[in-house]
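Observations on the model geometry
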Amino acid sequence: MIVYLAIGYWVGPLLLLKCVGLGAYLSLMMQDIIILSQHTHIPMELSHGQKVSPFTPFEQELFTRSLMFPKWFSRLVLLNLDAHELHHMYARVPGYRLHHIEYTPHHEVAWWRWLWQAKQIPGEVFLFQNSHQSGFDI
């Protein structure tokens, strides 16, 4: 934090904002879409205090979602960060190589469709309930 403050002081806040402001803003916008889409509003299994075994990588596909962006954007800009189901299923494969796996995820949804439907759900329902509880299927 001190380093960032020092850079801001040395360069000047206005120049710093001009150089990184738009990029930081766009990055935060994309992170909101991608990170919230991956595990939010998906039915989960609860242990209710019981001891449980971990899910295998292939079983984890049930509890994740991937957004579908144009292939060029997914590979060149996101480095396959949107291939979340494949990331869980093939955790040892680097993200930038996930597109080589010949498998179509079951919970992949077009990013625009997901964003439109997610914004129709009240925030507290979207974040703290799942689709079985709320009736919203996205």
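Worth saying up front: this structure is predicted, and the values here are computed from it rather than measured. (Residues numbered from 1 in each chain as written. Predicted model: local features only at pLDDT ≥ 70, side-chain atom pairs only at ≥ 80, totals over all residues. Heavy atoms only, no water.)

Concerning the side chain of His-88
Relative to the assigned elements, His-88 resides in helix α4 (residues 84–89). Discounting chain neighbours no more than four positions away, the residues touching His-88 are His-39, Pro-57, Gln-60 and Thr-64. (Helix = DSSP H or I, 4+ residues; strand = E, 2+ residues; numbered from the N terminus. Contact = heavy atoms within 4.5 Å.)

Some remarks on the packing of aromatic side chains
The tally for this structure, following the rule as stated, stands at seven aromatic pairs. Ring geometry for Phe-55 against Phe-63: centres 4.8 Å apart, planes inclined by 55°, an arrangement best described as tilted. A relative accessible area of 11% places Phe-63 in the buried class. Within the aromatic cluster, the residues linked to one another by ring pairs are Phe-69, Trp-72, Phe-73, Trp-111 and Trp-112. (Phe/Tyr/Trp six-rings, centres within 6.5 Å; stacked < 30°, edge-to-face > 60°. Buried < 20%, exposed > 50% of the residue type's maximum accessible area, 1.4 Å probe, protein only.)

Some details on the environment of Gln-120
When you line up the elements, Gln-120 lands in the loop between α5 (111–118) and α6 (123–128). It is 40 Å that separates the C-alpha atoms of Gln-120 and Ile-2, two residues lying 118 residues apart in sequence. Polar contacts involving the side chain of Gln-120 include one to the main-chain carbonyl oxygen of Trp-116, which spans 3.2 Å. (Polar contact = N/O pair within 3.5 Å; in protein donor to acceptor, adjacent residues only side chain to side chain.)

Thoughts on the packing of helix α1 (residues 2–11) against helix α2 (residues 13–39)
Relative orientation of the contacting elements α1 and α2 amounts to 110°, with a least axis distance of 6 Å. The orientation of α1 relative to α2 falls into the category roughly perpendicular. When α1 is examined against α2, the residues Ile-7, Gly-8 and Val-11 are found in contact with a partner set consisting of Pro-13, Leu-15 and Leu-16. Classifying every residue of the contact of α1 with α2 by side-chain character gives five nonpolar, one polar and no charged. (Axes fitted to C-alpha atoms, helices over the stretch in contact; angles between N-to-C directions. Parallel < 35°, antiparallel > 145°, perpendicular 65-115°, else oblique. Nonpolar A, V, L, I, M, F, W, Y, C, P; charged D, E, K, R; others polar.)

Thoughts on the layout of surface pockets
Space inside the largest pocket adds up to approximately 390 Å³. Surrounding the largest pocket, 19 residues form its lining, Lys-71, Arg-75, Leu-86, His-99 and Glu-108 being those nearest its centre. Contributions of two or more residues to the lining of the largest pocket are made by β1 (66–68) and α3 (71–76). Taken together, the residues of the lining of the largest pocket break down into nine nonpolar, five polar and five charged. By volume, the second largest pocket amounts to about 200 Å³. Every residue lining the second largest pocket is counted, 14 residues in all, and those nearest its centre are Ile-42, Arg-65, His-107, Asp-137 and Ile-138. By residue class, the composition of the lining of the second largest pocket is five nonpolar, five polar and four charged. (1 Å grid on protein atoms, 1.4 Å probe; cavity = no way out; pocket = protein on both sides within 12 Å on 5 of 7 lines; lining within 4 Å. Points joined across faces, edges and corners; volume = space filled by probe spheres on them.)

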